[in-house]
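Letter by letter, the chains look like this.
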Amino acid sequence: MYIESVPNRNSPPAVLLRESWREDGKVRKRTLANLSCLSADVIEGLKVLLRGGIAVSSADELFTVERSLPHGHVAAVLGSARGCGAAVWFASAPQDLQPLLLAMLVARVIEPASKLATHRQLHDDTASSSLGRVLGVGQCSADDLYRALDWLHEAQPAIERRLARQHLTGATLVLYDLTSTWLTGRCCELAARGHSRDGKRDDLQIVFGLVCTAEGCPIAVEVFKGNTADPATVAAQVTKLKERFGIAHLAWVGDRGMLTSARIEQVLRPEGMDWVSSLRAPQIAQLAEEHGPFQPSLFDERNLLELTSAHFPGERLVVCRNPLLAEERARKRLELLAATEADLAKIAAATQRARNPLRGQDAIALRVGRVVGRFHMTKHFELTITDTSLAFQRKTEAIDAETALDGLYVIRTSLPAAQLDANATVAAYKSLAHVERAFRSMKTVDLNVRPVFLYTEQRVRAHVFLCMLAYYVEWHMRQR
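Please read these numbers as outputs of a predicted model, since none were measured by experiment.

(A) Quick look at the overall build of the protein chain. Counting its regular elements, the protein chain contains 17 helices and 13 strands. Scaling as 2.2 N^0.38, a compact globule of 480 residues should have a C-alpha radius of gyration of about 23 Å, whereas the protein chain reaches 32 Å, well beyond that. Principal-axis analysis of the C-alpha atoms places the extent of the protein chain at approximately 115 × 65 × 50 Å. Across the 480 residues of the protein chain, 45% fall into the buried class. Sequence separation of 24 or more characterises 61% of the internal contacts of the protein chain that already satisfy a separation of 6 or more. Working note: accessible area of the protein chain is about 24,600 Å², and carbon and sulfur atoms make up 51% of it.

Right under this line is the structure:
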C-alpha cells in the first residue's frame, strides 16, 4: 500500500490510499480510501508508517483499533460453499433463515460447536470471526438457529435429490457404509445401545449411513436408532435411491458385514440392483475346498485370480492375494500360538507341582478358558483335561489350512466383466476407503458430529445432515 497525490485541476489534489499488484505482466492498482480530508501532518505520518517507520503522534491519536475479527478462513470456506451451490440449497427457506443456514454450514467447517456456541460465534457482541457480520446475521437469536435446523430437516429430501441429480446421473457405482457415534445423557429419542464402532460399549449411541459416489462425494445420509444392525439399513437406502431419487439401477459397493448374502438375495436382487462386496472367512474356506488350494503360482503378476462358483450363481469372484498381509498374519499367528502354549504349560505344571497342586477338572478348565479366551486360539489346540492333569497339542492340519488362506480376500460382484473388469472390481471395493475418510472427518477433528446436544429425532437428523453438507463443502475444497 502507498499514498498517492493526484492533481485535481484548480482544486487541491486528491490524496488516495492505494495498493498495486502485477497481473499478466502489467501493474494494476486500486484505490482503498480517500484521505483528502486529513491534515498534511497526518498524511505525512501515514506515509512514514507505510514505509515501516515510526509514526508521528497525531496519526497515532487518529486511528484506534477497537476490535479485529479474523476473516481469511471465513472468506475461503464461504466462497467454497457458494461455489458448491449452498445458496441454491437454501433458496426455498424463509428470507431471514437463508443467510443463517449458510452461516451455520460455514461455522461447522471453520469452528464446529453446539448450536448455542455457534450463536455466540455469530452474534456481534461475542463474535469470534467476521462470519456473522459478512452474512448479516450478527443479531440473530439462538431460537433462530433451531428454526433453521427444523427447516433443514424438512428440506433434506429435496437437497439430496439435487445432489443425486448432479453427481449420480450416468454413474454405475454407489458406495454405502454405516458408522455409529456415542452420546451422553438419556434424552435423545434415537439413542440406544448397540455395536459401537468407537469402543463405547456402555454408552448409548446413534447410527448413520452415508451414501457416496465412487469418488467419495457424499450424496445422502440417514440416521437410525443406535441398536440398528448394519444389514437392516440396506433396504431403506435402496428404497431411497429408487423412489426419492428416481434411480432404477446402480451397483452397490459395501463391505461383507453390510451386503451379506441374505441381504443380497432379499433386497438387491429382487430390486434389480447389482453389487460389489466380499466373502467372509468361512465362505473363502469353502471356495478353497471347491477349487483346491490357492497356490501362489495360480496368481498372475497382479496377484488376482478370477473364477466362478456354484454357490454364487450369476456372480464373478475375484481372489486377491496380498503377500505382505500374508507374512504379517503368519507372524501374528506364530506369536499367539507360542504365547498360548507358554501359558498352558504353566497350568500343566501347576497340576503336577508337589505342593498344593491344581486339582479338579472344572478348576483346571476355568484357568485354561482364560488363556485360550485371551489369545483366541481355541480352534488351534486339542485339549485333554482331567481332574489331575492337562495335556495339549497343536492341531497342525487346522493351522496349515488357515495358513493357506493368509493374505487372501475374495471380492464378489454381479456386474459383467465388460462393464467392470477384475482390476476395476478390486478398485471399486477399495474405494470404500472414501467413505471411511468421510466418517473420520465427520466424527473427529474436522466437523465433530459429536457431542450431540440435541434431543428430538428431527433435530438430531438435521444436525447429522448439516455435518454431511459441511463435508460436501470440504470434499470440493480438496478437489481444487
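(B) Highlighting unusual backbone geometry. Cis geometry marks the peptide bond from Arg450 to Pro451, where omega comes out at 5°. Relative to the assigned elements, Pro451 resides in the loop between α16 (433–443) and α17 (457–479). Positive phi values are uncommon outside glycine, yet Asp24 reaches one of about 55°. Following the sequence through the fold, Asp24 ends up in the loop between β2 (11–23) and β3 (26–34). For His376, which is not a glycine, the phi torsion comes out positive at approximately 55°. Looking at the secondary structure, you find His376 in the loop between α13 (361–375) and β11 (381–385). Using a relative accessible area of 61% as the deciding quantity, one classes His376 as exposed.

(C) Geometry of a positive patch on the surface. Where like charges cluster on the molecular surface, the positive patch consists of Arg256, Arg280, Arg329 and Lys332. When you line up the elements, Arg280 lands in the loop between β8 (274–278) and α11 (281–291). Arg280 gets classed as partly exposed once you look at its relative accessible area, which sits at 40%.

(D) Examining the packing of aromatic side chains more closely. Counted under the stated rule, the structure contains six aromatic pairs. Look at Trp89 and Tyr472: their rings are 5.4 Å apart centre to centre, the planes differ by 70°, and that puts the pair in the edge-to-face class. Of this pair, Trp89 sits in helix α4 (residues 86–89) while Tyr472 sits in helix α17, and the two are 383 residues apart along the sequence. Residue Trp89 is classed as buried on the basis of its relative accessible area, which comes to 4%. Taking the relative accessible area as the measure of exposure, Tyr472 reaches 0% and is therefore buried. Relative to Trp151, the ring of Phe90 lies with its centre 6.4 Å away and its plane at 75°, an arrangement referred to as edge-to-face. Taken together, the positions of Phe90 in the loop between α4 and α5 (98–110) and Trp151 in helix α8 (residues 142–167) put the pair 61 residues apart, joining distant regions of the chain.

(E) Structural context of the sheet that holds β3. If you walk across this open sheet you meet the three strands as β1-β2-β3, and the pairing is antiparallel. Two strands in the sheet have a free side with no partner beyond their single neighbour: β1 (2–8) and β3. Each adjacent strand pair in this sheet contributes to an overall mean axis angle of 45°, direction not counted. With eight bridges connecting them, β2 and β3 associate as antiparallel partners. Of the residues in β3, the one forming a bridge with Trp21 is Arg28. Strands β1 and β2 of the sheet are contacted by helix α1 (residues 40–50), whose axis makes an angle of about 140° with β1.

(F) Region of the structure containing the pattern of salt bridges. Tallied over the full model, the rule gives 24 salt bridges. Between Glu222 and Lys240 there is a salt bridge, with its nearest N and O atoms 2.7 Å apart. Note that Glu222 is positioned in strand β6 (residues 218–225) and Lys240 in helix α9 (residues 234–244), a separation of 18 residues in sequence. Where Lys242 meets Glu271, a salt bridge forms, and the shortest distance between an N and an O atom there is 3.8 Å. Of this pair, Lys242 sits in helix α9 while Glu271 sits in the loop between α10 (261–268) and β8, and the two are 29 residues apart along the sequence. What makes Glu271 partly exposed here is its relative accessible area of 36%. Residues joined in a network through salt bridges with shared partners are Glu160, Glu222, Lys240 and Arg244.

(G) Layout of the pairing of β2. Sheet analysis places β1 next to β2, joined by six bridges and oriented antiparallel. Across the sheet, residue Ser5 finds its bridge partner in β2, namely Val15. Counting the residues that bridge the hairpin from β1 to β2 gives two residues, and of these Arg9 lies at a positive phi of roughly 50°. Counting the residues in the hairpin turn of β2 and β3 gives two residues, including Asp24, whose phi is positive at 55°.

(H) Structural view of the nonpolar core. In terms of nonpolar packing, the biggest core is built from 106 residues, with Phe90, Leu105 and Leu268 touching the most fellow members. Take this core: its biggest share by element is 13 residues, from α17. When near neighbours in sequence (up to four residues on either side) are disregarded, Leu105 contacts Ala81, Ala86, Trp89, Phe90, Leu466, Leu469, Ala470 and Val473. Within the second largest apolar cluster, 15 residues are counted, among which are Leu337, Ala350, Ile364 and Ile399.

(I) Representation of the state of the cysteines in the model. According to the stated counting rule, one finds zero disulfides in the structure shown. Distance from the sulfur of Cys467, which forms no disulfide, to the nearest cysteine sulfur (Cys188) is 14 Å. The exposure class assigned to Cys467 is buried, which follows from its relative accessible area of 0%.

(J) Up close: the pairing of β11. In this sheet, strand β12 (residues 390–394) lies alongside β11 in antiparallel orientation, the contact comprising five bridges. Paired with Leu383 across the two strands is Phe392, which belongs to β12. Between β11 and β12, which pair antiparallel in sequence order, lie four residues.

How each quantity is defined
- Residues numbered from 1 in each chain as written.
- Predicted model: local features only at pLDDT ≥ 70, side-chain atom pairs only at ≥ 80, totals over all residues.
- Heavy atoms only, no water.
- Helix = DSSP H or I, 4+ residues; strand = E, 2+ residues; numbered from the N terminus.
- Rg over C-alpha atoms; globule rule 2.2 N^0.38 Å.
- Buried < 20%, exposed > 50% of the residue type's maximum accessible area, 1.4 Å probe, protein only.
- Contact = heavy atoms within 4.5 Å.
- Areas by Shrake-Rupley, 256 points an atom, 1.4 Å probe, with all protein chains shown as cover.
- Patch = residues over 30% accessible without salt bridge, like charges linked within 9 Å, V, L, I, M, F, W, Y side chains within 5 Å.
- Salt bridge = Lys/Arg side-chain N within 4 Å of Asp/Glu carboxyl O.
- Lys, Arg positive; Asp, Glu negative; His and termini not counted.
- Charge placed at Lys NZ, Arg CZ, Asp CG, Glu CD.
- Phe/Tyr/Trp six-rings, centres within 6.5 Å; stacked < 30°, edge-to-face > 60°.
- Pairing = 2+ DSSP bridges.
- Axes fitted to C-alpha atoms, helices over the stretch in contact; angles between N-to-C directions.
- Core = buried A, V, L, I, M, F, W, Y, C linked by side-chain atoms within 4.5 Å.
- Disulfide = S-S within 2.5 Å.

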